[in-house]
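Letter by letter, the chains look like this.
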Amino acid sequence: MDFATFLIQCLNALQYGLLLFLVASGLTLIFGIMGVINLAHGSFYMIGAYMAYALAPTVSAIFGGAFFSTLAVGLMLSVILGYLLEWAFFSYLYEREHLQQVLMTYGLILVFEELRSMLVGDDVHGVPVPEWLNGALALNEVMTYPVYRLFMSGVCLLLAGAMWFVFTRTRLGMMIRAGTSNREMVQSLGIDINLLYRIVFAIGVALAVFAGMIAAPVSSVYPGMGNSVLIICFVVVVIGGIGSIKGALLAALLIGLVDTFGKVLLPQAAGVLVYVLMALILLWRPNGLFKD
Amino acid sequence: MQKRTVLLSAAAFAVIAASTNTWAQALPKLKVGFMLPATGTFASLGTAIDNGFRLYVAEQGGKIAGREVEYVRVDDESDPSKATDNVNKLIKRDNVDVIVGTVHSGVAMAMAKAAKESGTLLIVPNAGAAAVTGPMCAPNIFRSSFSNWQPGYAMGEVAAKKGHKKIVTITWKYAAGDEAVKGFKESFEKNGGTVVKELNLPFPNVEFQALLTEIAATKPDAVFTFFAGGGAVKFVKDYAAAGLKKTIPLYGSGFLTDGTLDAQGADAEGLFTTLHYADNLNNKRDQAFRLAYVKSFKLQPDVYAVQGYDAGQILGIGLNATKGDTKNIQGFAQAVRAAKIDSPRGAFTMSSSHNPVQDIYLRKVVGKENVVDSIASKSLTDPGLGCKM
Amino acid sequence: MRHPTSFVLLFFGLLALWPFMAGSYGADLVAKIMIFALLALSLELLVGSTGLVCFGQAAFFGIGAYAAILMSPTDGSAPALWLSLPCAIALAALYALAVGALSLRTQGVYFIMVTLAFSQMAYYVVHDTPLGGGTDGIYMYVKPTWGWVDLDNPAHMYGLIWLSLLVGFLFLSQLLRSPFGRALSGIRVNEQRMKATGFSVYPYKLAAFTLSGAMAGWAGYLFAVKDGFVNPELLSWHLSGSLLVMIILGGLGHMRGAVLGAFAFALLQELFQAEAVFGSFAKHWHLSLGLTIMACVAFMPHGLVALPAQLRERLSGRNNREAPVEALEEQA
């Protein structure tokens, strides 16, 4: 592999890792702060992608300009969806055992997939990349790198920075971190912990939906897309440490590297390598890279 | 409490017994068992096949060889681990006369095994696995679609004729992908070309970036690929986005652009693929078929619908010869082997391993259609390796 | 319930008579359900008795299944049952030992996710590497034999499955009454307390994990031989999820719960897919199944086994005083 190709592969790894991070961060947030293991997280990713596909025509009719308006509308809808889901369903799971959470959310995956099939059908769909992002950067004489993927990576980095800022520098972040350590104390300080949890859940859902929406133009929209992303998200969270955002970022980047270079150097073992990585990290740190 | 548990279990047994007992004795009705995906990625293909078959039966007035047709359906979920159970539901519980299915090759192989053992008629309306008309072949197993090898082989000749010498192939690592590439390699290398690299990734992984970079680094004359469904959409779009479409021509087995053009948009424009069907075949049979299909189902037909329709035709030919007797496998097979099936794709015959001997078209994507450019390979016969019939 | 004898006699007696009552399809169906019942029992040992929620049981099942086929002689002769079955069990147990050694260092949700990830690892090994024959799976053309027992004969196959389930059930019932079993219950109820009394819990947990893996491998072997076909989907996490549904549906903490749960789940699936009942909605059976799973967990957290008691409680308003005592010990 020559140096130019190596650099391009690193770029590929980075982009894949950052997108994974975006989806996994929602999962680790919901788990770390509320202790709820949510198997339906992959379904939110799928909902985001399908929203990008389904909303585009309506939104561009009302607002003109398709892509960013769709993103904004989709984001609003996802926050509302997360809020409602938490209120109607997930809040009952906090007191339940993990096994029950696993099973309820497993049933939820089935429900979401089937609802999707009934509402939008089973066909594969494409979402067009917005025109002004549709260029390509020439890397060498044969290959170009799509600008849209650079845009995606940029957005993921921005969101990572925003998350760090909110959690470490704002009151909301402070309340959330306090709520993780001691729920009762926060309540007795007069903070509405239920509202807090609802907000956090809505944020977690919104992150996954947003990831699905921006990934839709490059990943296409198809049934079962949530399931494949779910398992990898779990690996990200296991490696990074449950509840740790910076752990999720590091883990996602590591997985991006292993997956990308694995595909090229050891194609047969590519699928297994990520799990071997996980096993090795667990040998060294049984609770993941960063214990929260 | 024990008593209650026992009573509950007894009640449960009664339910199972009731639901699995076959009430019917031998009826004059022709029971057709569909084993097709109703859920999952291939659900729309299952629907198209179902529609095509039913259209044929409706055109015959709802009867084949004088026997009224009734349908039983099982959702195979494209899951090979449940395949044996599902096909046994049709064979043992519902006692169907004919099984029609399926889309996924892994499931089809389980069906072929079960059909071979029980002697039930099986018509495969899609799954292109070589094994079905290879080692698993039997006088009662027929295929109305294609074998994975056929489109690949046809494209190999085309690529060689276009003057390409070094080609990289890329596909998923599973039977359909392996067989398509094998077919391509066979004819391409026979005509003087070389496949310099065979890239693959695990099915159904769709992260292609790393391998696209590999292709760019290898700098071949062209690329041959096999992908279908969601993977096909993503690959074509990623290939164009990586700038490779302009510099390295892409050729594919027809499934790359079948049913996916809406999603692929401009990225698929001008792509050459090979398949036994196209969107603008100007023969009368196809035009009549397309009209009837749109009228009945309010959908545009595709290659899957044609395959379902032809499965019906094969059944009709065989049963008319045996006067409706589904147990007369020898008579059925003889009639089908001798027949020329008047299909919307163009007339085809059956090979001795019960796979269609058909023209493979070279198609080009123009707008939202796969338009016929020429005939890539005339009356191409799948070798049927391993078939001992 | 201290003595499951009447349950065992009646239930297994019914199962033994079943092939004579139902047709070949019915016998096939029940044979498959019995295999899943054995698998559910193996998971019950972990989840219900030891309190370890394992989301990767399908891996051990699949390893047993693949071992059955991969160890068939290449010359086409029949594999020897007395050799291939123990080998399959041993391989599954070995993987369980390895996974357990790594995962049992974690707790709670972590443990769940780690077991899931390890089962995915096994899935990818059979799915992607030449070892597993790829996504289309491998066929078994000649079934194992041992003396006069020929597993190609459906009656012999049914008999072996029935025997395996019986042996598994009785073995586990006895095990859970033994000091080992009581230690497991103690770990489930309060691990800290067990450690405080001087028990080193890790070896017990590891032993339970390995044993559970071995049983799952046994079930996998039976599945492979019965179907004559294995496929990577046997190791998918969907199967692990379904198993958890089975044991919680039947009732956690009860051996017969695991068995009943397997039957109930299989029946539910058949019901929801039946066009006779649901018409064209039957193709959306995933929806019915998902909603049922959610409803069961929400409203019947103690499963079917506890249903009569739950109903009695509701109707008569009386508290079931036996509950606390029953909860401590594993029920048969």
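Keep in mind it's a predicted model, so treat the numbers as computed, not measured.

Helix and strand counts for chain C come out as 15 helices and four strands. Against the 2.2 N^0.38 benchmark of 20 Å for 332 residues, chain C shows a C-alpha radius of gyration of 20 Å, consistent with a compact globule. In chain C, which comprises 332 residues, the proportion classed as buried is 62%. If you take every contact in chain C between residues at least 6 apart in sequence, the share linking residues at least 24 apart comes to 78%. Here chain C has roughly 12600 Å² of accessible surface; of this, 67% comes from carbon and sulfur atoms.

What follows deals with the overall build of chain A. Helix and strand counts for chain A come out as 11 helices and two strands. Starting at the N terminus and ending at the C terminus, chain A contains elements arranged as α-α-α-α-β-β-α-α-α-α-α-α-α. Its C-alpha atoms give chain A a radius of gyration of 19 Å, within 12% of the compact-globule value 19 Å for 292 residues. C-alpha extents for chain A along the principal axes are approximately 65 × 55 × 35 Å.

Time to look at the interface of chain B and chain C. Contact residues are listed per partner, giving 37 residues for chain B and 43 residues for chain C. With both chains or domains summed, chain B and chain C bury close to 3800 Å², and 63% of this area falls on carbon and sulfur atoms. Where chain B touches chain C, the interface holds four salt bridges. Note that Glu270 of chain C is salt-bridged to Lys89 of chain B, the shortest N-O span being 3.4 Å.

On to helix 10 (residues 237-250) of chain C, then. Residue and element names in this part refer to chain C. Between the first and last C-alpha of helix 10 there are 20 Å, a value that for 14 residues agrees with the 20 Å anticipated at 1.5 Å per step. Buried residues dominate helix 10, accounting for 13 of its 14 residues. Where helix 10 terminates, the next one or two residues include Gly251, which has phi positive at roughly 130°.

Time to look at the pairing of strand 7 (residues 166-172) of chain B. Every regular strand shows the same layout, with side chains that alternate between the two sheet faces. Residue and element names in this part refer to chain B. The element strand 7 is largely enclosed, with a buried count of six among its seven residues. Taken together, the seven bridges between strand 7 and strand 8 (residues 194-201) define a ladder with parallel strand orientation. For Lys166, the partnering residue across the bridge sits in strand 8 and is Thr194. Running through helix 6 (residues 175-190), the crossover from strand 7 to the neighbouring parallel element strand 8 is right-handed. Where strand 7 and strand 9 (residues 222-226) come together, five bridges link them in parallel fashion. The residue bridging Ile167 from the neighbouring strand is Ala222, located in strand 9.

All names here are of chain B. Compared with the 20 Å implied by 1.5 Å per residue over 14 residues, the 20 Å span of helix 4 (residues 105-118) between its first and last C-alpha is a close match. Most of helix 4 is tucked away: 11 of the 14 residues are buried. Of the residues making up helix 4, those classed as buried are Ser105, Gly106, Val107, Ala108, Met109, Ala110, Met111, Ala112, Lys113, Ala114 and Ala115.

A few words on the sheet that holds strand 5 (residues 121-124) of chain B. Within a sheet, each strand pairs with its neighbour through backbone hydrogen bonds, oriented either parallel or antiparallel. Residues and elements named next belong to chain B. Spatial strand order, 2-3-1-4-5-6: six strands in an open sheet with mixed pairing. Taken across any chain shown, the strands that pair with only one partner, and hence form the sheet edges, are strand 2 (63-64) and strand 6 (141-143). Here strand 1 (residues 30-36) runs beside strand 4 (residues 98-100); their pairing, made up of three bridges, is parallel. When the bridges of strand 4 are listed, Gly33 appears paired with Ile99.

Okay, the packing of helix 2 (residues 24-49) of chain C against helix 6 (residues 154-177) of chain C next. Axis angle and axis distance: for two packed helices, these are the angle between their axes and the distance between the axes, and together they describe the pair. All names here are of chain C. Relative to each other, helix 2 and helix 6 sit at 20°, their axes nearing to 9 Å. In terms of axis orientation, helix 2 runs roughly parallel to helix 6. Of the two possible hands of crossing, helix 2 and helix 6 adopt the one that is left-handed. Residue-level inspection shows Ala27, Val30, Ala31, Met34, Ile35, Ala37, Leu38, Leu41, Leu45 and Ser49 of helix 2 in contact with helix 6, the latter providing Tyr158, Ile161, Trp162, Ser164, Leu165, Gly168, Phe169, Leu172, Leu175 and Leu176. Considered class by class, the residues forming the contact of helix 2 with helix 6 number 17 nonpolar, three polar and no charged.

Residues and elements named next belong to chain A. A cluster of nonpolar side chains, Met1, Phe3, Phe6, Leu7, Leu265 and Leu266, forms an exposed patch at the surface whose accessible area comes to about 650 Å². Mapped onto the fold, Met1 is located in the segment before helix 1 (3-34). Residue Met1 is classed as exposed on the basis of its relative accessible area of 52%.

What follows deals with the packing of helix 3 (residues 67-88) of chain A against helix 8 (residues 193-219) of chain A. Residues and elements named next belong to chain A. It is the contact of helix 3 with helix 8, at a shortest axis distance of 7 Å, that shows an interaxial angle of 145°. The way helix 3 lies across helix 8 gives a crossing that is right-handed. Taken together, the residues of helix 8 that come into contact with helix 3 (itself represented by Phe67, Thr70, Leu71, Gly74, Leu75, Ser78, Val79, Gly82, Tyr83, Leu85, Glu86 and Trp87) are Leu195, Tyr197, Arg198, Phe201, Ala202, Val205, Ala206, Val209, Phe210, Met213, Ile214 and Pro217. Of the residues belonging to the contact of helix 3 with helix 8, the class tally is 18 nonpolar, four polar and two charged.

Attention now goes to the pattern of salt bridges. Tallying each qualifying case throughout the model produces 25 salt bridges over all chains. Taken together, the shared-partner salt bridges connect Lys89, Arg93 and Asp94 of chain B together with Glu270 of chain C into one network.

This brings us to the nonpolar core. Of all hydrophobic cores here, the largest spans 303 residues; its most connected members are Leu315 of chain B together with Phe118 and Leu244 of chain C. The element contributing the most residues to this core is helix 2 of chain C, with 17 residues. Those residues in contact with Leu315 of chain B, other than ones at most four positions away along the chain, are Leu30, Val32, Phe53, Ile64, Val98, Leu121, Ile123 and Phe332 of chain B. Core analysis: the next-biggest nonpolar cluster, separate from the first, contains 28 residues, Val74, Ile99 and Ile141 of chain B together with Phe229 of chain C among them.

All names here are of chain B. Neither face of strand 5 is exposed, since Leu121 and Ile123 on one face and Leu122 and Val124 on the opposite face are all buried. Where strand 4 and strand 5 come together, three bridges link them in parallel fashion. Its bridge partner lying in strand 5, Val100 is registered against Ile123. In terms of strand pairing, strand 5 meets strand 6 through three bridges, oriented parallel. Bridged to Val124 within strand 6 is Arg143.

Before going further, it helps to spend a moment on the interface of chain C and chain A. Taken residue by residue, the interface counts 43 residues in chain C and 42 residues in chain A. Across the interface of chain C and chain A, roughly 3800 Å² is buried in total on both sides, 80% from carbon and sulfur atoms. Here chain C and chain A share zero salt bridges between them. Where chain C meets chain A, there are three residue pairs in polar contact (both at pLDDT 80 or more). Contributions of two or more residues to the side of chain C that touches chain A are made by helix 5 (108-128), helix 10 and helix 13 (285-299) of chain C.

Residues and elements named next belong to chain B. Under the criterion given, the structure shown has one disulfide over all chains. At a sulfur-sulfur separation of 1.9 Å, the disulfide partner of Cys137 is Cys387. Measuring the twist about the S-S bond at about 95°, one finds the Cys137-Cys387 disulfide to be right-handed. Taken together, the residues span a long stretch of sequence, with Cys137 in the loop between strand 5 and strand 6 and Cys387 in the segment after strand 15 (369-380) at a distance of 250 residues.

This part is about the packing of aromatic side chains. Scanning all chains against the criterion turns up 46 aromatic pairs over all chains. With a centroid separation of 5.6 Å and an interplanar angle of 40°, the aromatic rings of Tyr148 of chain A and Phe151 of chain A are classed as tilted. Pair noted here: Tyr148 of chain A and Phe151 of chain A are both in helix 5 (residues 147-169), with a separation of three residues, about one helical turn. Since its relative accessible area comes to 18%, Phe151 of chain A is described here as buried. Ring-pair connections join several aromatic residues into one group, and the members of that group are Phe146, Trp172, Tyr174, Phe208, Phe226, Phe227, Phe235, Tyr239, Phe255 and Tyr304 of chain B. Between the NZ or CZ atom of Arg198 of chain A and the centre of the ring of Tyr83 of chain A, over which it lies, the distance is 5.9 Å. Residue placement shows Arg285 of chain A over the ring face of Trp284 of chain A; its charged tip is 4.7 Å from the ring centre.

Detailed reading of the predicted coordinates is not advisable wherever pLDDT falls low. Chain-level statistics for chain A give a pLDDT mean of 84 and a share of 97% at 70 or above. The least confident element of chain A is strand 1 (residues 136-138) of chain A, whose mean pLDDT is 77; the most confident is helix 10 (residues 245-265) of chain A, at 90.

Before going further, it helps to examine the environment of Ala24 of chain A. Residue and element names in this part refer to chain A. As for its position among the elements, Ala24 is in helix 1. It is 10 Å that separates the C-alpha atoms of Ala24 and Val238, two residues lying 214 residues apart in sequence. Here Ala24 is in contact with Cys233, Val236 and Val237, once residues within four sequence places are set aside.

Before going further, it helps to examine the environment of Tyr141 of chain C. Residues and elements named next belong to chain C. Examined against the element boundaries, Tyr141 turns out to sit in the loop between strand 1 (138-139) and strand 2 (145-146). Look at Tyr141 and you get exposed, because its relative accessible area is 61%. Taking the C-alpha atoms as reference, Tyr141 lies 27 Å from Trp18; in sequence the two are 123 residues apart.

Reading the values: the criteria
- Residues numbered from 1 in each chain as written.
- Chains lettered and ligands numbered in written order.
- Predicted model: local features only at pLDDT ≥ 70, side-chain atom pairs only at ≥ 80, totals over all residues.
- Heavy atoms only, no water.
- Helix = DSSP H or I, 4+ residues; strand = E, 2+ residues; numbered from the N terminus.
- Rg over C-alpha atoms; globule rule 2.2 N^0.38 Å.
- Buried < 20%, exposed > 50% of the residue type's maximum accessible area, 1.4 Å probe, protein only.
- Contact = heavy atoms within 4.5 Å.
- Areas by Shrake-Rupley, 256 points an atom, 1.4 Å probe, with all protein chains shown as cover.
- Buried area = accessible area lost by both parts, 1.4 Å probe.
- Salt bridge = Lys/Arg side-chain N within 4 Å of Asp/Glu carboxyl O.
- Expected span 1.5 Å × (residues − 1).
- Pairing = 2+ DSSP bridges.
- Right-handed = clockwise from strand over helix to strand, strands pointing away.
- Axes fitted to C-alpha atoms, helices over the stretch in contact; angles between N-to-C directions.
- Parallel < 35°, antiparallel > 145°, perpendicular 65-115°, else oblique.
- Left-handed = near helix turned anticlockwise from the far one by under 90°.
- Nonpolar A, V, L, I, M, F, W, Y, C, P; charged D, E, K, R; others polar.
- Patch = residues over 30% accessible without salt bridge, like charges linked within 9 Å, V, L, I, M, F, W, Y side chains within 5 Å.
- Core = buried A, V, L, I, M, F, W, Y, C linked by side-chain atoms within 4.5 Å.
- Polar contact = N/O pair within 3.5 Å; in protein donor to acceptor, adjacent residues only side chain to side chain.
- Disulfide = S-S within 2.5 Å.
- Phe/Tyr/Trp six-rings, centres within 6.5 Å; stacked < 30°, edge-to-face > 60°.
- Lys NZ or Arg CZ within 6 Å of the ring centre and 35° of its normal.
- pLDDT = per-residue confidence, 0-100.

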